[in-house]
Amino acid sequence: MAVGIVVSSQGGGQCYNGRTTPFVVLSCMMAATGGVIFGYDIGISGGVTSMEPFLKKFFADVYTKMKEDTKISNYCKFDSQLLTAFTSSLYVAGLITSFLASSITKNFGRKPSILAGGVAFLAGGVIGGLALNVYMIILGRILLGVGLGFANQAVPLYLSEMAPSKHRGAFSNGFHLSLSIGVLFANLLNYGTEKIRGGWGWRVSLGMAAAPALFLTVGSLFLPETPNSMIQRSKDNKAKLMLQKIRGTSDVQVELDDLIKAREASKSIKHPFKNITQRKYRPHLVMAIAIPFFQQVTGINVIGFYAPVLFRTIGLAESASLMSTVVTGVVGIVGTFTSILLVDKVGRRALFMFGGLQMLVSDIVVGSIMAAQLGDHGELKKEYALVVIILICAYVVGFCCSWGPLGFLVPSEIFPLEIRSAGQSINVAVNFLLIFALAQTLLAILCHFKAGIFFFFGGWVAVMTGFVHLFLPETKNVPIEQMERVWRKHWFWKRFVGEEEHEVSK
């Protein structure tokens, strides 16, 4: 445990003293497990929708098309609005919940929101595992969505505010590492439960969502609140004591003064959702919308939600398709570890550019192979199927070292305190909205675009890589309450933030 790393975060001629203490490491590790429940759901929902007993019980039309309709295209076997509703209903609930979570996170703290997320996800897992009909399945998914709405709103903020600025990228990327671990755990569980005789393995997969939720719920009871949240709720003395504890030094006055200044600025903001539309917050609003939008149109949903379905589309058997998702889960963790090691050294922009290029190449080659070798009927030859799996693994590594973790990190660190909860809520809501839209339409897109779906997402990857190059400033090592200076120095955004500063000074 890194207990002796000196943290002297430069910003505006001042520095924050302290070191990375065991207390802050353990607190952030515990909070980051909020990512496990997100990852678990992504892995589980894709796995159970490829299990034949689950399809036969709840989605008989899909099961019939898969087993008996020999004329239907490989790309259209799983095209069912009811089946996609199983996946996407969660994200409608998460989208709505994120706005409620904003108010709770701001007025009561980050910790209560994390606790609420754990409790709701726990209830959803229990109902899903005990489901007797499709209505219980959907109800369970809605409760899971409520849980994710709270957790995804509060956990990234918690990590960014607790972490020392010099290592904020690595700490915050722990959320995506936990997400990747959740995906892998779900994939391994699906691979095992699919083999259970009697056809009830899907109940284990859905019900086991309660396990990480219970861990998060119990663990959140022992989490400390962030100093930023304490300051925001006028608990200055408690905030100073917490700063001293997490920084491992009594000399925290400079950082405390910055937090108090941020709080005083936030007092003038009565309606944060209205104020975030002001000109001086234009870069923050753009990033709150663009980053989660781009994160989803990378096409990661093809791999996350429907990887087993995709692998069955190219001709793999049920068990083999689930095993392939385990492999992609492992390489996802490797990619996230790479991001954790490099994000505070090479910066956010370099990882965005590298990951974007790797995903673009993978999309183009996979699309080309499937267009040339996989028709509406039959299956890919084994050698081509192996190449597709390898390229999808390369794609996952590219995503997990760039848009995966950084899509959560960058929005959580760029908002000033006065609009932080509102900005994070917009970020989470856009994320859930796009996940819902893609989850609801992805199988239909696969049916109509066929192999062209990879070129579709590849085009978006090219656009988002250009966007980062032109419009996203580097934020590594910048204290979270001094982030405004990166916008004032940016070639494009300074005309918004800089003009406001000039008007205030006059």
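Notes on the structure in this doc start here.

### Observations concerning helix 22 (residues 403-414)
For helix 22, with twelve residues, the first-to-last C-alpha span of 16 Å sits near the 16 Å given by 1.5 Å per residue. Extensive coverage of helix 22 is indicated by the burial of twelve of its twelve residues. Residues Trp403, Gly404, Pro405, Leu406, Gly407, Phe408, Leu409, Val410, Pro411, Ser412, Glu413 and Ile414 constitute the buried set of helix 22.

### Some remarks on the packing of helix 20 (residues 348-373) against helix 24 (residues 452-471)
For the pair helix 20 and helix 24, interaxial distance at closest approach is 8 Å and the crossing angle is 165 degrees. Relative to helix 24, the element helix 20 is oriented roughly antiparallel. Every pair of crossing elements has a handedness; the one defined by helix 20 and helix 24 is left-handed. When helix 20 is examined against helix 24, the residues Arg349, Phe352, Met353, Gly356, Met359, Leu360, Asp363, Ile364, Val366, Gly367, Ser368 and Met370 are found in contact with a partner set consisting of Phe454, Phe455, Phe457, Gly458, Val461, Ala462, Thr465, Val468 and His469. A breakdown of the residues in the contact of helix 20 with helix 24 according to their chemical character gives 13 nonpolar, six polar and two charged.

### Description of the pattern of salt bridges
Under the definition given, this model contains twelve salt bridges. Ionic pairing is found between Glu225 and Arg233, a salt bridge with its closest N-O pair at 3.9 Å. The exposure class of Glu225 is buried, given its relative accessible area of 10%. The class for Arg233 is partly exposed, based on a relative accessible area of 21%. Arg420 is the salt-bridge partner of Glu481, the closest N and O atoms lying 3.0 Å from each other. With Glu481 in the loop between helix 24 and helix 25 (484-488) and Arg420 in helix 23 (residues 420-449), this pair connects stretches of sequence that are 61 residues apart. Exposure remark for Glu481: the relative accessible area of 18% places this residue in the buried category. Exposure remark for Arg420: the relative accessible area of 1% places this residue in the buried category.

### Points about the packing of helix 16 (residues 282-296) against helix 22
For the pair helix 16 and helix 22, the least separation of the axes is 10 Å and the interaxial angle reads 165 degrees. Regarding the angle of helix 16 to helix 22, the classification is roughly antiparallel. Two packed elements cross with a definite hand, and for helix 16 against helix 22 that hand is left-handed. Within the contact between the two elements, helix 16 uses His284, Met287, Ile291, Phe294 and Gln295 and helix 22 uses Trp403, Gly404, Gly407, Phe408, Val410, Pro411 and Ile414. Of the residues in the contact of helix 16 with helix 22, the class split is eight nonpolar, four polar and no charged.

The rules we used
Residues numbered from 1 in each chain as written. Predicted model: local features only at pLDDT ≥ 70, side-chain atom pairs only at ≥ 80, totals over all residues. Heavy atoms only, no water. Helix = DSSP H or I, 4+ residues; strand = E, 2+ residues; numbered from the N terminus. Expected span 1.5 Å × (residues − 1). Buried < 20%, exposed > 50% of the residue type's maximum accessible area, 1.4 Å probe, protein only. Axes fitted to C-alpha atoms, helices over the stretch in contact; angles between N-to-C directions. Parallel < 35°, antiparallel > 145°, perpendicular 65-115°, else oblique. Left-handed = near helix turned anticlockwise from the far one by under 90°. Contact = heavy atoms within 4.5 Å. Nonpolar A, V, L, I, M, F, W, Y, C, P; charged D, E, K, R; others polar. Salt bridge = Lys/Arg side-chain N within 4 Å of Asp/Glu carboxyl O.

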